[in-house]
Amino acid sequence: MIVFPNAKINIGLNVIAKRADGYHNLETIFYPVKIYDALEAITAPVMHFASSGINIPGGDEKNLCIKAYELVSRDHPLPRVNIHLHKHIPIGAGLGGGSADAAFFLKQLNTLSDLNLSDDDLENYARQLGADCAFFIRNKPVYATQKGDVFKEAELDLTKYYLVVAMPDVHVSTADAYSGVVAQDGTADLRDSIKLPVAEWKHEIKNDFERSVFKKFPVIEDLKNELYKAGALYASMSGSGAAVFGIFEVQPNLSHLEKSCRIFYKV
Ligand SMILES: C[C@@](CO)(OP(=O)(O)O)[C@H](O)COP(=O)(O)OP(=O)(O)OC[C@H]1O[C@@H](n2ccc(N)nc2=O)[C@H](O)[C@@H]1O
Ligand SMILES: Nc1ncnc2c1ncn2[C@@H]1O[C@H](COP(=O)(O)OP(=O)(O)O)[C@@H](O)[C@H]1O
């Protein structure tokens, strides 16, 4: 069985408060985009994990797919599986690639092993693997609060626009990005802000990680500015970076950026 875990972008990200457990409460809109890994799982006599494509730091046993398997196996007898992950979604990008793999693997296990877990059950497993992992279970645009794992409906359809994701040659650690951010409450509700025309979002919607991450990696801010120069109605860093995305009315010419970063068109 092969599935194709997709990436996400964050439309706005307000870091509201530091929590007693060390995490942060936030407010964001998660929006799925068309950049994919490929994840194959088949039942097999011995457990095996292999990956190809982009090198994943941390070793196989630390892979979130293996962690997902171990988590579910505490509650349910599982068959041994042979897993192959082809990694295409950039890492340290703010695109949630590792979380997507884990969530899609949970869904695969549910089917492969006839576990009959509901989406709520799967989300409960997912939130134990990573704060933004639960989003990928239903994988629809949502307004997320608390650790980024509590969802309310968000009506957002960007299909009439041309979305671009650009990944510079730097990687940002999520934990480092959170340690550099200053939490502050009292911003407008993102569910109201996204109702404005996209061209007005730049006055209303921000990503709180940009200030400190741009300071450390000016190349990311430069890239965001390049997307505006190329005609973006709205451009922002995604999550804790380093990827930036642009929302355009038509396909932009970004060929001058292709030497210094990886560009994903029409996502
Ligand atoms: C910033 C966001 C925005 O969508 O995404 P990315 O940019 O990483 O994709 C998420 O909050 C990332 O979620 P995720 O990458 O799943 O985080 P986790 O693995 O659970 O946590 C990594 C580390 O980030 C910090 N962390 C994460 C989530 C949160 N709400 N508060 C935090 O302070 C903690 O220090 C934690 O140890
Ligand atoms: N399947 C996976 N894909 C990517 N990263 C993984 C995976 N499993 C574990 N990781 C770990 O998660 C870290 C980054 O995860 P990722 O979700 O890609 O971050 P971000 O959302 O910030 O881009 C990597 O450094 C790696 O050690």
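For the protein, an unreviewed UniProt entry supplies the name 4-diphosphocytidyl-2-C-methyl-D-erythritol kinase and the organism Mucilaginibacter ginkgonis. UniProt's Sequence similarities (unreviewed entry) comment on the protein is quoted here verbatim: "Belongs to the GHMP kinase family. IspE subfamily."

**Q** Tell me what's going on with the site of ligand 2, and back it up with residues and numbers.
**A** Taken together, the neighbourhood of ligand 2 is formed by 18 residues, with Pro57, Ala93, Gly94, Gly96 and Asp101 sitting nearest. Between ligand 2 and Leu64 there is a distance of 3.0 Å, counted from a nitrogen atom to a backbone nitrogen or oxygen. One of the backbone nitrogen or oxygen atoms of Ala93 is found 2.6 Å away from an oxygen atom of ligand 2. When the free accessible area of ligand 2 is taken as 540 Å², the share hidden by the protein chains comes to 80%. When each cavity is represented as a set of grid points, ligand 2 is found to reside in the largest pocket. Those elements that place two or more of their residues in the shell around ligand 2 are β6 (81-87) and α2 (97-112). Examining the composition of the shell around ligand 2, we find that four residues originate from one element, α2, more than from any other.

**Q** Account for helix α1 (residues 64-73), with residues named and values stated.
**A** By the burial criterion, the buried members of α1 are Cys65, Ile66, Ala68, Tyr69, Leu71 and Val72. Against β4 (38-43), β5 (48-53), β6, α2 and α3 (119-127) lie the buried residues of α1. Two or three places before Cys65, at the opening of α1, Asn63 has a side-chain oxygen 3.1 Å from that residue's backbone nitrogen.

**Q** Give a description of the environment of Leu64 that names residues and reports values.
**A** Checked against the element boundaries, Leu64 lands in helix α1. Given a relative accessible area of 25%, Leu64 falls into the partly exposed group. Measuring from C-alpha to C-alpha, the distance between Leu64 and Cys133 comes to 10.0 Å, with 69 residues separating the pair along the chain. In this structure Leu64 touches Gly98, Ser99, Ala102 and Leu129, once residues within four positions along its chain are discounted.

Basis of the calculations
Residues numbered from 1 in each chain as written. Chains lettered and ligands numbered in written order. Predicted model: local features only at pLDDT ≥ 70, side-chain atom pairs only at ≥ 80, totals over all residues. Heavy atoms only, no water. UniProt positions renumbered as here; feature names shortened; annotations may be inferred. Near = heavy atom within 4 Å. Polar contact = N/O pair within 3.5 Å; in protein donor to acceptor, adjacent residues only side chain to side chain. Areas by Shrake-Rupley, 256 points an atom, 1.4 Å probe, with all protein chains shown as cover. 1 Å grid on protein atoms, 1.4 Å probe; cavity = no way out; pocket = protein on both sides within 12 Å on 5 of 7 lines; lining within 4 Å. Sits in = over half its atoms within 2 Å of the grid points. Helix = DSSP H or I, 4+ residues; strand = E, 2+ residues; numbered from the N terminus. Buried < 20%, exposed > 50% of the residue type's maximum accessible area, 1.4 Å probe, protein only. Contact = heavy atoms within 4.5 Å.

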